[in-house]
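# Per-entry structural report
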Amino acid sequence: MTEHEFERRVVDTGKELYRLLGDGKPPAFKKDYWSGRMMEWAVRDETFKVQMFRFVDVYPYLKTSPEVAQHLKEYFGDADHMLPAALGRRLLTLSPDSITARITARLVGRNIRSMASQFIAGESARDALRDLRRIRRDGAAFTVALLGEAAVSELEADDYAQRYLETLQTLEQDREDWEPLGNHRLDWGVAPPVNVSVKATALYSQLRPVAHGHSIAAAKSRLAPILRQAIKQESFLHFDMEHRELKNLTLAIYRSILEDPEFQGYAHTGIAIQAYLHDTLEDLRELLDWSLQRGQPLTVRLIKGAYWDQEVIHARQHGWPLPVFTDKAETDANFEAAARLIFEHEAPVRLACGSHNIRSIACVRELSRLHPEKVVEYQALHGMAEPVKKALVTAGYPTRMYTPAGDLLPGMAYLVRRLLENTSNESFLLHSFGQGESPEHLLRDPARLIERRRETDAPQSGFRNEPLLDWSLTENRDSFADALGGLSLPKNAPLFIGGADVPAAAEIRSVDPAQPSETVALVAAASLEQADEAVSAAREAFEEWRNVHAAQRAEVLFRAAAAMRERRLELAALQVREVGKARGEADADVCEAIDFLEFYGREMLRLAPPRELGDVPGENSRLVFEPRGVVAVIAPWNFPLAISTGMTAAALVTGNTVVYKPAEESVGVGAALCGVLRKAGVPPGVFNFLPGDGALIGGRLVEHPDVSLIAFTGSKEVGLGIVERCSQVPAGAREVKKVIAEMGGKNAIIIDTDADFDVAVRDVVYSAFGYQGQKCSACSRLILPDAIHDAFLERLLPAVKSIPLGPSSDPASYVGPVVSAEAQAKINRYIEIGKQEARLVLLRKPPATTGCSVPIAVFTGVRPEHRLAQEEIFGPVLSVIRVRDYDEALEVAVDVPFALTGGVFSRSPVNIEKARRRFRVGNLYVNRGSTGALVERHPFGGFRLSGLGTKAGGTEYLKEFMTMRTLTENTLRRGFAPPSE
């Protein structure tokens, strides 16, 4: 058959299906006045659509009618002209506590629940039986999907696993009463009537691509009993596909479970493949080849994909290539290409065509006629495509409905996705029924409609954040493992002064925190005399370096960035060993270092040209920036490359010379930075590497009369000592030392009563315990209003109990050892203090073999005045403070000496605005964790005792390293002045 003939048959089949559809409309557009009007408005007005979906999303968390009324006012206050009387336009002018507001709020809530019931069959499989029986009476089959985006703890994962088992058993018990679909025990002679869809994220709470092998094993341990039950009762088990980040992991779990001898060969399993992804065909070929090689029957549910917006946003935030097609025709064409691949491959694979698009369905139908040996069924979403389902059943197509069951709360994310699909400008249902386009128009071949102009992220000539490693890619995981295994330890390095290697009489030894007996680096330790030599070398090099053109200085930074990219994996692997960072944290540190180099280089190019001041004839006045002199960079160990690079790069590019003293715990990383800058061509004396004893060498640099500026990041105690010593100007001194100091924090996260707990729990756990809490931005205080205190802890504590502990070299480890025995002892002392002040509700002891590890500790009953709530601990210790309400939470949040970072989880626009006004910290994060600042996007730094108000990674930071001069010339000569330029 020619392509022309095939295309004609596809169009004819599509027209026949349209004839069977008639003029039916999807329920979302006609079920009742309220939901129908809501959909129509959402299609017409993007702003209203966003607000409506935000309200639908938060609704399940609102416990009372006044709360509902208040959120309606906050979300629709600027859109009251759009609201009908049915929704309560007057509500927006009334007090949320009024009788009218309460009645209207209850009406709105009832309408939302009604709208949800269109898509969600019941709270459980048993509750859904009435709808499931009706689906079968109507001539279709179903698959039951339990709602819930992800388990945040192993307790929840256990519950999901049990619910899957109960669902299988409930459906098996009920199926004797079902109408047969065909004259066989199996539907259409091939498909078990009991069909359940599972999600990988429900089976293991710590599912992470970076821990690929560990995640597979953990998910399989819960999956095995479910699959065993399905086999016992001859039921079908299907794997849903979620975000692309978990796609490869989900495929690997599926293949791995079916490779187990107990399960291999079972014919009634399947997995979803999403056609909107660029790598769909590659994944599908691998799956089909695997099926053929092993003789493993399976079903591929081919779908377009439900996470398009999220995938685009996620990729752009991470600087990754867009993983999805941005032209709908490309997705449709890819769908047809994938279907053709399944039909033409020899593997024992069935196709489940998961689409409401009549063109896609007609194409699959005609392909099935060309390949009658292949089994195919057609799937649609419960509540979204009733006319499509009826047409398919009438035409005799084997039809299955994807039918969700679950509580409204975990089901809300699913509901919002369905609403987005119904109102998208690309929605096939909208084009077919809402906008009434002709069948001929809708049945066009998508391959001929593909736009030649594909949307891509256009190359930027300016700054872009360095993309983090995508751990879902096998090559990234393998490359990092190779880099970690290939480290040659210990690292050795001399001092570097005046452009030459300089030996020293003593050495600094850094160790692996997980194995303190193993040396990571042996680096020369400077003496006081050598510290003076380094300052002298920097002083001598200053005059020449300050006069180097800014573009040439910036070029040194750009070359250093390129050198870091070449050594990226090595530099990250070194941090895993030397300071106990997990893979993701170590990679992020290197990326931030590269960002500082690239960003500060470009910023210097922006600041370098003189600024013209005023605009009057006869006068030329300019503002110029000039370097200060010798800068002593005193760096911390917790971000050993990023912060060291940031302070050093800022000093160098502004024309200063640098004496760099790394922390003793991270001298190996400090030596690596020295190597990068040497390769970049820093002139002799401009950068000097001076590791040494903190008090001895740091003290000499702080007091040295030839040092003009101290750039310091570290503890409050040391930072305040530096400020005090620099404020004392000795006799004969010619300048007051400038101090740039970032000194830590006591950061709080507030959970509002309407917060999304799924998001908040995960982000609090990461903010508090990521990198063992050894970040100045880490969440140390969790502030919970009384109304949700117990409910939030009920989810948080099991989540904390679920995170894996172990050495940082193990990719499965979430929390590893702290940096040193000294840090270990200090944290343990604070845990003992906490036992006296508050109630210890969780203490997770680490494995005995992980060196400098400490327990994870969570305390409740902490009062704002307790030491636990006031002093920086710098470890995995979380203090939970109970308050009356949100306003008191804001008061408590700022009642500490620090002001570095803070977080608020709230979906109330009013309360978010309150936080912006009253939660005064250097970096305030709303609905995300308190850590993870990115260069340019989140300029970082605090005030009070957290620092001196400078913002690293921001547009103003370089000015801290320079002085400003005003150059004014009177150009008037005997009544004549040259014209202004």
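Above: the structure in question.
A brief report on the enclosed structure follows.

This part is about the overall build of the protein. Helix and strand content of the protein: 32 helices and 30 strands. Taking 2.2 N^0.38 as the reference for a compact globule, 981 residues should give roughly 30 Å; the C-alpha atoms of the protein span a radius of gyration of 32 Å, in line with that estimate. With the C-alpha coordinates of the protein rotated into their principal frame, the extents come out at 100 × 75 × 65 Å. Sequence-distant contacts in the protein: of pairs separated by 6 or more residues, those separated by 24 or more amount to 76%. For the protein, the exposed area adds up to about 38600 Å²; of that, 50% sits on carbon and sulfur atoms. For the protein, the centre of its 117 positive side-chain charges and the centre of its 130 negative side-chain charges are spaced 3 Å apart.

Moving on, we get to the nonpolar core. Ranked by size, the top nonpolar core spans 92 residues in total, and within it Leu171, Ile253, Ile361 and Val364 carry the most contacts. Apart from the residues lying within four places of it in its own chain, the contact partners of Ile361 are Leu17, Cys353, Ser355, His356, Tyr378, Val388, Leu392 and Tyr397. In terms of nonpolar packing, the next biggest core, distinct from the first, is built from 80 residues, Ala572, Ala649, Ala650 and Val669 among them.

What the rule picks out here adds up to 62 salt bridges. The residue Arg340 makes a salt bridge to Glu3 at a minimum N-O spacing of 3.9 Å. Pair noted here: Arg340 is in helix α12 (residues 328–344) and Glu3 is in helix α1 (residues 3–21), with a separation of 337 residues, a long-range link. Given a relative accessible area of 25%, Arg340 falls into the partly exposed group. When its relative accessible area of 53% is taken as the criterion, Glu3 is described as exposed. For Asp279, the salt bridge is made with Lys247, and the minimal N-O distance between the two is 3.4 Å. Here Lys247 lies in helix α9 (residues 247–259) and Asp279 lies in the loop between β4 (269–274) and α10 (280–294), a separation of 32 residues in the sequence. Judged by its relative accessible area of 4%, Lys247 falls in the buried class. Each of Glu466, Arg565, Arg568, Asp587, Glu598 and Arg602 takes part in a single network of salt bridges with overlapping partners.

Within this structure, the stated rule accounts for zero disulfides. With no disulfide of its own, Cys591 lies closest to Cys776 among cysteine sulfurs, the gap being 18 Å. Looking at Cys591, the relative accessible area reads 2%, which means it is buried. Cysteine Cys779 remains unbridged, with the sulfur of Cys776 as its closest cysteine sulfur at 14 Å. Residue Cys779 is classed as buried on the basis of its relative accessible area of 2%.

In this section: the side chain of Ser197. Checked against the element boundaries, Ser197 lands in strand β2 (residues 195–198). The class for Ser197 is buried, based on a relative accessible area of 1%. Polar side-chain contacts of Ser197 include one of 2.9 Å to the side chain of Thr143. At 3.0 Å, the side chain of Ser197 and the side chain of Arg301 are in polar contact. What Ser197 contacts, discounting residues up to four positions off in sequence, is Thr143, Val144, Ala145, Leu146, Tyr164, His238, Asp240, Arg301 and Tyr402.

Counting buried residues in strand β5 (residues 298–303) gives five out of six residues, a clear majority hidden from the surface. Of the pairings in the sheet, the one linking β4 to β5 comprises five bridges and is parallel in character. Residue pairing for β5: Ile273 is matched across the bridge by Leu302. The β-α-β motif built from β4, the intervening α10 and the parallel element β5 has right-handed crossover chirality. The pairing of β5 with strand β6 (residues 349–354) spans six bridges and is classified as parallel.

Below, the discussion takes up the sheet that holds strand β9 (residues 491–493). Taken in spatial order, the three strands make up an open sheet running β9-β13-β12, and their pairing is mixed. Looking along the sheet, the strands with just one partner apiece sit at the ends: β9 and β12 (506–512). When the angles between neighbouring strand axes are averaged without regard to direction, this sheet yields 25°. Here β12 pairs with strand β13 (residues 515–525) via seven bridges, running antiparallel. Within β13, the position partnered with Ala506 by the bridge is Ala525. Taken strand by strand, helix α24 (residues 667–679) contacts β9, β12 and β13, and its axis lies near 40° from that of β13.

Here we have seven strands laid out as an open sheet, ordered β23-β24-β25-β22-β21-β27-β28, and mixed in their pairing. Looking at which strands have only one partner, the edges of the open sheet turn out to be β23 (839–844) and β28 (923–926). Strand-to-strand twist across the sheet, computed as the mean angle between neighbouring axes with direction ignored, equals 20°. Helix-sheet contacts for helix α31 (residues 886–893) involve β21 (747–751), β22 (779–785), β25 (877–883) and β27 (901–905), and the interaxial angle to β22 is about 160°.

With that settled, the discussion passes to the packing of aromatic side chains. Counted by the stated rule, this structure contains 18 aromatic pairs. Relative to Phe480, the ring of Trp471 lies with its centre 5.5 Å away and its plane at 70°, an arrangement referred to as edge-to-face. For Phe480, a relative accessible area of 0% translates into the label buried. Taken together, the ring pairs in this structure connect Phe463, Phe596, Phe599, Tyr600, Tyr957 and Phe961 into an aromatic cluster. Its guanidinium or amino end placed over the ring of Tyr771, Lys581 lies 5.0 Å from that ring's centre, counting from NZ or CZ.

What follows deals with the environment of Asp283. By secondary structure assignment, the location of Asp283 is in helix α10. Placed 35 residues apart in sequence, Asp283 and Asn248 show a C-alpha to C-alpha distance of 8.6 Å. Among residues more than four places away in sequence, those in contact with Asp283 are Lys247, Asn248 and Leu251.

Next up on the list: the packing of helix α21 (residues 568–579) against α24. It is at 9 Å that the axes of α21 and α24 come closest, and there the two elements cross at 160°. With respect to α24, the axis of α21 lies roughly antiparallel. Where α21 crosses over α24, the handedness of that crossing is left-handed. Two secondary-structure elements touch here, α21 through Leu571, Leu574, Gln575 and Glu578 and α24 through Val667, Gly668, Val669 and Ala672. Considering only residue class, the contact of α21 with α24 consists of five nonpolar, two polar and one charged.

Given a rise of 1.5 Å per residue, 15 residues ought to cover 21 Å, and the 21 Å separating the end C-alpha atoms of α10 matches this to within 8%. Taken together, the buried positions of α10 are Thr280, Leu281, Asp283, Leu284, Leu287, Leu288, Trp290 and Ser291. Buried positions along α10 lie against α9, β4, β5, α12 and β6. Note on α10: the residue one or two positions beyond its end, Gly295, has a positive phi of about 65°.

Procedures and definitions
Residues numbered from 1 in each chain as written. Predicted model: local features only at pLDDT ≥ 70, side-chain atom pairs only at ≥ 80, totals over all residues. Heavy atoms only, no water. Helix = DSSP H or I, 4+ residues; strand = E, 2+ residues; numbered from the N terminus. Rg over C-alpha atoms; globule rule 2.2 N^0.38 Å. Contact = heavy atoms within 4.5 Å. Areas by Shrake-Rupley, 256 points an atom, 1.4 Å probe, with all protein chains shown as cover. Lys, Arg positive; Asp, Glu negative; His and termini not counted. Charge placed at Lys NZ, Arg CZ, Asp CG, Glu CD. Core = buried A, V, L, I, M, F, W, Y, C linked by side-chain atoms within 4.5 Å. Buried < 20%, exposed > 50% of the residue type's maximum accessible area, 1.4 Å probe, protein only. Salt bridge = Lys/Arg side-chain N within 4 Å of Asp/Glu carboxyl O. Disulfide = S-S within 2.5 Å. Polar contact = N/O pair within 3.5 Å; in protein donor to acceptor, adjacent residues only side chain to side chain. Pairing = 2+ DSSP bridges. Right-handed = clockwise from strand over helix to strand, strands pointing away. Axes fitted to C-alpha atoms, helices over the stretch in contact; angles between N-to-C directions. Phe/Tyr/Trp six-rings, centres within 6.5 Å; stacked < 30°, edge-to-face > 60°. Lys NZ or Arg CZ within 6 Å of the ring centre and 35° of its normal. Parallel < 35°, antiparallel > 145°, perpendicular 65-115°, else oblique. Left-handed = near helix turned anticlockwise from the far one by under 90°. Nonpolar A, V, L, I, M, F, W, Y, C, P; charged D, E, K, R; others polar. Expected span 1.5 Å × (residues − 1).

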